[in-house]
Amino acid sequence: MASECLFCRIAEGRATAHVFFEDEASLAFLDHRPLFPGHALLMPRKHYETLWDLPEADVAPLFRNARTLCRAVEEAMGAEGSFLAVNNRVSQSVPHLHVHVAPRRKKDGLRGFFWPRGKYHDEAEEDAVCEALRAAMQRLKTRAA
């Protein structure tokens, strides 16, 4: 399963994605169908289908990065807040554990669990968002060290 998993292929460099952060435990990249520009996915490098499958020792490193990513998304996108979510099987389009982090603003139209997905206007917009997130993650990880 892991060899055919899209996210495993991204982690191995065998599939393309707008990756803007990676360390030994995880990597983050732009969701290709974002709720809003800056909607990112953070995933463990190793294949685990659900949060329950993730070994206890790997929970803290993943969520430490999720915490930083929330702040990076807010800073890079000029957002008022952020939304963090994990789907376990139901609504999980790729069966590889991943954390959604999306920028939020008051009156942005997101209500409850209705997620109206969109697309970036073009590759240039996606590249610019990716670079802004990369810079924010770098700043925040450097500050935390």
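Residues numbered from 1 in each chain as written. Predicted model: local features only at pLDDT ≥ 70, side-chain atom pairs only at ≥ 80, totals over all residues. Heavy atoms only, no water.

Engineer: So what exactly am I meant to see when it comes to the packing of aromatic side chains here?
Structural biologist: The geometry of an aromatic ring pair comes down to the distance between the two centres and the angle between the two planes. Enumeration according to the criterion identifies 1 aromatic pair in this entry. Between F7 and F29, the aromatic rings sit 5.2 Å apart at their centres with planes inclined by 80 degrees, giving edge-to-face as the arrangement. Residue F7 is located in helix α1 (residues 6-11), and its partner F29 is located in strand β2 (residues 26-30); the two are separated by 22 residues in the primary sequence. According to the relative accessible area criterion, F7 is buried, its value standing at 6%. (Phe/Tyr/Trp six-rings, centres within 6.5 Å; stacked < 30°, edge-to-face > 60°. Helix = DSSP H or I, 4+ residues; strand = E, 2+ residues; numbered from the N terminus. Buried < 20%, exposed > 50% of the residue type's maximum accessible area, 1.4 Å probe, protein only.)

Engineer: Which parts of the structure should I look at to understand the layout of surface pockets?
Structural biologist: Leftover empty space is mapped by rolling, across the atoms, a probe with the size of a water molecule. The calculated volume of the largest pocket comes to roughly 280 Å³. Lining of the largest pocket is provided by 18 residues; of these, F7, F29, D31, H32 and L41 occupy positions nearest its centre. Counting only elements with at least two residues in the lining of the largest pocket, the list comes to α1 and β2. Per-element tally for the lining of the largest pocket: the top contributor is α1, with 3 residues. Split into classes, the residues belonging to the lining of the largest pocket amount to 8 nonpolar, 6 polar and 4 charged. (1 Å grid on protein atoms, 1.4 Å probe; cavity = no way out; pocket = protein on both sides within 12 Å on 5 of 7 lines; lining within 4 Å. Points joined across faces, edges and corners; volume = space filled by probe spheres on them. Nonpolar A, V, L, I, M, F, W, Y, C, P; charged D, E, K, R; others polar.)

Engineer: Would you explain the state of the cysteines in this entry?
Structural biologist: What makes a disulfide is a covalent bond joining the sulfur atoms belonging to two cysteines. A complete count under the given rule lists 0 disulfides for this structure. The structure places no disulfide on C5, whose sulfur is separated from the nearest cysteine sulfur, that of C8, by 3.8 Å. Taking relative accessible area as the criterion, C5 reaches 4% and is therefore assigned buried. When its relative accessible area of 4% is taken as the criterion, C8 is described as buried. (Disulfide = S-S within 2.5 Å.)

Engineer: Honestly, the nonpolar core in this entry has me stumped. Any pointers?
Structural biologist: General note: in soluble globular proteins, nonpolar side chains tend to be found buried as a group. In terms of nonpolar packing, the biggest core is built from 25 residues, with F20, L30, L42 and L69 touching the most fellow members. Of all the secondary structure elements, the ones that give two or more residues to this core are β1 (19-22), β2, β3 (40-44), α2 (56-77), β5 (99-104) and α3 (123-144). When residues of this core are assigned to their parent elements, the largest contribution, 7 residues, is made by α2. Setting aside chain neighbours within four positions, we find F20 in contact with A28, F29, L30, A40, L69, C130, L133, R134 and M137. Counting residues in hydrophobic clusters, the runner-up holds 11 residues, among them C5, L27, L41 and M43. (Core = buried A, V, L, I, M, F, W, Y, C linked by side-chain atoms within 4.5 Å. Contact = heavy atoms within 4.5 Å.)

Engineer: Where do I start with the sheet that holds β3 in this structure?
Structural biologist: The strands that make up a sheet pair up through hydrogen bonds in the backbone, lying either parallel or antiparallel. Read from one edge to the other, the open sheet built from 5 strands follows the order β1-β2-β3-β5-β4, with strand pairing classed as antiparallel. Looking at the sheet topology across the chains shown, the edges are occupied by β1 and β4 (81-86). Going across the sheet, the axis of each strand differs from the next one's by a mean of 20 degrees, ignoring polarity. When β4 meets β5, the two strands line up antiparallel, connected through 6 bridges. Within β5, the position partnered with A85 by the bridge is H100. Here α3 sits on the sheet in contact with β1 and β2, set at roughly 20 degrees to β1. (Pairing = 2+ DSSP bridges. Axes fitted to C-alpha atoms, helices over the stretch in contact; angles between N-to-C directions.)

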